[in-house]
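# A closer look at the structure
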Amino acid sequence: MKKTVSIVIPSFNEESNIEMIAKTIHGVMNLLPYYYRIVFVDDGSSDDSLSCLEQLAKEDEKLFYISLSRNFGHQNALKAGVDTVKDISDAVITMDGDLQHPPELLPQLLEKWEEGHDVVYTIREDDVTLSYFKKKTSKAFYSLMNKLSDVKFEPGTADFRLMDKKVVAVFSDFSENELFIRGIINWIGFDQYALHYKSNPRFSGKSKYTLSKMIRFALQGITAFSTRPLHMAIFLGVGLSLFAFIFYLGYVIYSVYFGHVISGWASVISTIVFFGGLNLTILGIIGIYIGKLFIQSKRRPNYLIKKTNFN
């Protein structure tokens, strides 16, 4: 009996890529002994992505779509797709919709799964086309994550992976806000295997990950798997208080010994501004964690489905 594989593809304004990636996946999967379906999750696109998906679904019985009520973000869109197919799939593969995740790697993912691995994830090798800035920021992100979190992250990992149905069942039970899926999959364990690959050039359009989105994503990842920033705030506060005490003690001794007060408004103002900024930074760190608790306490769903062709 053929096993069923669902390929979930979050999509936001990828109208020009949809038909090509579907065609490429068909070309690969038709040669393999599996029943498969391609599931696009339209994450509130403002272009004609949904119309394109509706038209293609009429002509292609293996193509399905899920349209979310608005843009909920890549991670929530990915979870919407996985949650929808969890009960009708032996394995779920997640990948991006710009063809940078090569469909040609699908047979290797499935091969390693058949060997008994529960999660087969991918690691992108260094891309010479990436800018110097993006390479450095990516490296810094993974380095910071590994220093601040008990969960270890391998540089180059992304959301291109295969999950066995038992892993999908566990993952679907997660209901936390501000999902950081690559961290969650790492955290839940099971038998995991890594495949290295070279990313393809983006087929069409521009990346939706701006610098601000990458910074926000990094903050989500750090605060989702670590409370060490709070510990750092404590150590920093104690350390600076000790430094201020020693400095003040030295100032008193100097004043008594020489019999006059040290003048200098600039140094006083600089000190006030420095400690004021430090206080705001620490309050900001605490505020992020409190904000996450506040959002989580509302128990709002991660996504809302507006339309789908799943029966």
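Everything discussed here concerns the structure shown above.
Worth saying up front: this structure is predicted, and the values here are computed from it rather than measured. (Residues numbered from 1 in each chain as written. Predicted model: local features only at pLDDT ≥ 70, side-chain atom pairs only at ≥ 80, totals over all residues. Heavy atoms only, no water.)

## What to know about helix H6 (residues 165-172)
What counts here: Buried means the residue's accessible area, taken with a 1.4 Å probe over protein chains only, is under 20% of the maximum for its type, while exposed means over 50%, and partly exposed covers the values in between. By the criteria applied, helices consist of DSSP H or I runs no shorter than four residues and strands consist of E runs no shorter than two, each listed in order from the N terminus. Our arc is simply the arc of the directions from the helix axis toward the C-beta atoms. Two N or O atoms count as a polar contact when they lie within 3.5 Å, although within protein this holds only if one can serve as hydrogen donor and the other as acceptor, and sequence-adjacent residues are included solely when both atoms are side-chain atoms.
Where H6 is concerned, the buried positions are Val167, Val168, Phe171 and Ser172. Along the long axis of H6, the arc covered by the buried residues comes to 130°, so they all point the same way. Here H6 starts with a cap whose side-chain oxygen sits 3.1 Å from the backbone nitrogen of lysine 166, and that cap is aspartate 164.

## Let's talk about the packing of aromatic side chains
Rule in force here: Working definition: rings of Phe, Tyr and Trp (its six-membered ring) pair if their centres are within 6.5 Å, and the pair is stacked with planes under 30 degrees apart, edge-to-face with planes over 60 apart, and tilted otherwise.
Taken as a whole and assessed by the stated rule, the structure comprises 4 aromatic pairs. Judged by centre distance (4.7 Å) and plane angle (20°), the ring pair of phenylalanine 64 and phenylalanine 310 falls under stacked. Taken together, the positions of phenylalanine 64 in strand E3 (residues 63-68) and phenylalanine 310 in the segment after strand E8 (305-308) put the pair 246 residues apart, joining distant regions of the chain. Plain terms: the ring middles of phenylalanine 174 and tryptophan 187 are 6.0 Å apart, the flat faces sit at 85° to each other, and that makes the pair edge-to-face.

## Things to note about helix H3 (residues 74-85)
One turn of an α-helix holds 3.6 residues; hence residues three or four places apart share an orientation. Stated precisely, the cut-off is as follows: A helix is expected to reach a length of 1.5 Å times the quantity of its residues less one.
When the terminal C-alpha atoms of H3 are compared, their 17 Å separation across 12 residues agrees well with the 16 Å that a helix rising 1.5 Å per residue should span. When we look at burial in H3, the residues that qualify are Gln75, Asn76, Ala77, Leu78, Lys79, Ala80, Gly81, Val82, Asp83 and Val85.

## A short note on the sheet that holds strand E2 (residues 34-42)
Applicable threshold: Strand pairing follows a simple DSSP-based rule, namely that at least 2 bridges must link the two strands. Axes here mean lines fitted to C-alpha atoms, for a helix over just the part in contact, with angles spanning 0 to 180 degrees between N-to-C directions.
A sheet is described by the order of its strands in space; here 8 strands give the open sequence E7-E5-E6-E4-E1-E2-E3-E8, paired in mixed fashion. Each end of this open sheet is capped by a strand with a single partner; those strands are strand E7 (192-197) and E8. When the angles between neighbouring strand axes are averaged without regard to direction, this sheet yields 20°. Sheet topology note: the strand E1 (residues 3-11)/E2 ladder contains 9 bridges and is parallel.

## A few points about the packing of helix H1 (residues 15-29) against helix H2 (residues 49-59)
This is how the line gets drawn: Angular relationships are summarised with four words: roughly parallel below 35 degrees, roughly antiparallel beyond 145, roughly perpendicular across 65 to 115, and oblique for the angles in between. Helix crossings get a hand from a simple test, with the near helix turned counterclockwise from the far one by less than a right angle marking a left-handed crossing and a clockwise turn marking a right-handed one. Every residue pair with non-hydrogen atoms within 4.5 Å of one another is taken to be in contact. For this classification, Asp, Glu, Lys and Arg are treated as charged, while Ala, Val, Leu, Ile, Met, Phe, Trp, Tyr, Cys and Pro are nonpolar and the rest, including Gly, are polar.
In contact at an axis separation of 8 Å, H1 and H2 are set at 25° when each is read in the N-to-C sense. Comparing their axes, H2 and H1 come out roughly parallel. Regarding H1 and H2, the two cross each other, and that crossing is right-handed. Residue-level contacts link Glu15, Ile18 and Glu19 of H1 to Ser49, Cys52, Leu53 and Leu56 of H2. Of the residues assigned to the contact of H1 with H2, the class counts are 4 nonpolar, 1 polar and 2 charged.

## Some words on the pattern of salt bridges
Applicable threshold: Criterion for a salt bridge: a side-chain nitrogen of Lys or Arg within 4 Å of a carboxyl oxygen of Asp or Glu.
Counted according to the given criterion, the structure contains 8 salt bridges. Where glutamate 114 meets lysine 3, a salt bridge forms, and the shortest distance between an N and an O atom there is 3.0 Å. Note that glutamate 114 is positioned in helix H4 (residues 106-114) and lysine 3 in strand E1, a separation of 111 residues in sequence. Relative accessible area serves as the criterion here: at 39%, glutamate 114 is assigned to the partly exposed category. As a salt-bridge pair, lysine 307 and glutamate 54 come within 2.5 Å of each other at their nearest N and O atoms. Pair noted here: lysine 307 is in strand E8 and glutamate 54 is in helix H2, with a separation of 253 residues, a long-range link. Using a relative accessible area of 38% as the deciding quantity, one classes lysine 307 as partly exposed. Salt bridges linked by common partners bring Asp118, Asp164 and Lys166 together as one network.

## A few points about the side chain of arginine 37
To keep it simple, the criterion reads: Charged residues are defined here as Lys and Arg on the positive side and Asp and Glu on the negative side; His and the ends of the chain fall outside this count.
Assignment of secondary structure puts arginine 37 in strand E2. Aspartate 90 is the oppositely charged side chain nearest to the buried, salt-bridge-free arginine 37, at an N-O distance of 8.2 Å. At 2.9 Å, the side chain of arginine 37 and the side chain of serine 6 are in polar contact. One polar contact links the side chain of arginine 37 to the main-chain carbonyl oxygen of isoleucine 88, over a distance of 3.1 Å. When neighbours within four sequence positions are excluded, arginine 37 is seen to be in contact with Thr4, Val5, Ser6, Ile7, Lys62, Phe64, Val85, Ile88, Ser89 and Phe310.

## With respect to the nonpolar core
We apply this condition: Here, nonpolar core means buried Ala, Val, Leu, Ile, Met, Phe, Trp, Tyr and Cys residues that are tied together by side-chain atoms lying within 4.5 Å of each other.
Among the nonpolar cores identified, the biggest contains 34 residues, and Ile7, Ile25, Phe40, Ile93 and Leu106 are the most heavily contacted of them. Looking at which element gives the most residues to this core, the answer is H1, with 6 residues. With residues up to four places along the chain from it excluded, the contact list for isoleucine 7 reads Ile25, Met29, Arg37, Ile38, Val39, Ile93, Met95 and Leu106. Core analysis: the next-biggest nonpolar cluster, separate from the first, contains 26 residues, Leu68, Leu78, Val85 and Val168 among them.

## Brief notes about the packing of H1 against H4
H4 packs onto H1 with a crossing angle of 50° between their chain directions and a minimal axis gap of 10 Å. On the basis of their axis angle, the class for H1 and H4 is oblique. In this structure, H1 uses Ile25, Val28 and Met29 to contact H4, whose residues at the interface are Leu106, Pro107 and Leu110. Tallied by class, residues from the contact of H1 with H4 come to 6 nonpolar, no polar and no charged.

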